[in-house]
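Now for the letters of each chain:
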Amino acid sequence: MTDQTYQPTLSQLRAFVAVAEYRHFGTAAARLSVSQPTLSQALAALEHGLGLQLIERSTRRVLVTAAGMRLLPKAMATLEAADRFVASATGDGLGGTLRMGIIPTVAPYVLPGLLPELQKKLPALHPQVIEDQTARLLDGLRTGVLDVALLALPADLPGLVEIPLYTEEFVLVTPRGHELAGRTDLAPSVLDSLPLLLLDEGHCLRDQTLDLCRSAEVHPAAVGDTRAASLATVVQCVAGGLGVTLIPEMAVAAETARGTLDTAHFATPAPGRTIGLAYRTSTARAEDYEYLAAIIRTKRPE
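Residues numbered from 1 in each chain as written. Predicted model: local features only at pLDDT ≥ 70, side-chain atom pairs only at ≥ 80, totals over all residues. Heavy atoms only, no water.

**Brief notes about the nonpolar core**
Part 1 of the argument: Among the nonpolar cores identified, the biggest contains 56 residues, and Val106, Val148, Leu150, Leu151, Leu165, Leu277 and Leu292 are the most heavily contacted of them.
Part 2 of the argument: With seven residues, strand E6 (residues 160-175) is the largest single contributor of residues to this core.
Part 3 of the argument: Apart from residues no more than four positions distant in its own chain, Leu150 is found in contact with Gly101, Ile102, Ile103, Val106, Val110, Leu165, Ile275, Gly276, Leu277 and Ile296.
Part 4 of the argument: Among the nonpolar cores identified, the runner-up in size contains 25 residues, and Val19, Ala20, Ala29 and Leu79 belong to it. (Core = buried A, V, L, I, M, F, W, Y, C linked by side-chain atoms within 4.5 Å. Buried < 20%, exposed > 50% of the residue type's maximum accessible area, 1.4 Å probe, protein only. Helix = DSSP H or I, 4+ residues; strand = E, 2+ residues; numbered from the N terminus. Contact = heavy atoms within 4.5 Å.)

This is the structure we're talking about:
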């Protein structure tokens, strides 16, 4: 039974959140720059004060209990409010640790320009970048493991605020000398019967490409025969003559730089996607995340 007079400390809450995030006591302790015994003591004190088991430990794994999952978002909100309070008192604005999830088809193209800009404009901010597929990023937002996520919209998850940042077209990448190379008037119907290479299941770009094919009522050849975990691998398969692929406009310069590929563009209105920033509606840092979104918008790769 919870002691109604008990007041958890921020250190205890940080210990709980870190263990829940990393599912490993050693990693969590290192992230918080404390010893593992100190971390364990803080978590044990929190569980004793609440009269609840938040983390289930064994020699092989660390699990978050049902009570822990229920309280994790509230612990995160409390820590966010505390960080915001300190930042407001010192006049630093958005500062402290920011756990930012980014989908793999955005991260390599946005981060080179974004991270230096964040360091310049928000020197008190310490971003932690987590690159992962959309479903896991959304789960991280829901459970409080992530603060914000940069992904394709709409996310369609209750309890999130979505800030659209920019829309980018899809570009067809072909082997050098392909009959479609250089065209700027493509219709989605050209994908019919083409050997279309896709990212592996779980990547939103794969789903977006298949949605485009369904809406255009086209049936590409060999869909799924070759799959890859990154755009770089897909593009190299195209260069090797295995097929064609669709990639986001922002990735074109980086992924076609070797000169063994050609591109073709769709006629207006071209198919594409909207990239945006998502965060929980319960956060106390909404104003800060709006400012973060404005910075990301200005550093969109050309």
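**Concerning unusual backbone geometry**
Part 1 of the argument: Going from Leu153 to Pro154, the amide bond is cis rather than trans, its omega being 0°.
Part 2 of the argument: As for its placement among the helices and strands, Pro154 is situated in the loop between strand E5 (148-153) and E6.
Part 3 of the argument: In this structure, Pro269 follows Thr268 across a cis peptide bond, with omega equal to -5°.
Part 4 of the argument: Residue placement: Pro269 occurs in the loop between strand E10 (261-265) and strand E11 (272-280).

**Some details on the pattern of salt bridges**
Part 1 of the argument: Applying the stated criterion across every chain, the model contains 11 salt bridges.
Part 2 of the argument: Here the salt bridges do not stand alone but share partners, grouping Glu21, Arg99 and Asp147 into one network. (Salt bridge = Lys/Arg side-chain N within 4 Å of Asp/Glu carboxyl O.)

**Observations regarding the environment of Gly101**
Part 1 of the argument: On the secondary structure map, Gly101 appears in strand E3 (residues 96-102).
Part 2 of the argument: In this structure the C-alpha to C-alpha distance between Gly101 and Ala152, which are 51 residues apart in sequence, comes to 12 Å.
Part 3 of the argument: Residues within four places of Gly101 in sequence aside, it is in contact with Ile130, Leu137, Leu146, Val148, Ala149 and Leu150.

**Some remarks on the packing of helix H5 (residues 107-121) against helix H10 (residues 286-298)**
Part 1 of the argument: Across the interface, H5 lies against H10 with an axial gap of 10 Å and an inter-helix angle of 130°. In this view, H5 runs oblique relative to H10, as classed from their interaxial angle. As H5 packs across H10, the resulting crossing turns out to be right-handed. Residues Leu114, Glu117, Leu118 and Lys121 of H5 form the contact with H10, whose participating residues are Tyr291, Leu292, Ile295 and Ile296.
Part 2 of the argument: Partitioning the contact of H5 with H10 into residue classes produces six nonpolar, no polar and two charged. (Axes fitted to C-alpha atoms, helices over the stretch in contact; angles between N-to-C directions. Parallel < 35°, antiparallel > 145°, perpendicular 65-115°, else oblique. Left-handed = near helix turned anticlockwise from the far one by under 90°. Nonpolar A, V, L, I, M, F, W, Y, C, P; charged D, E, K, R; others polar.)

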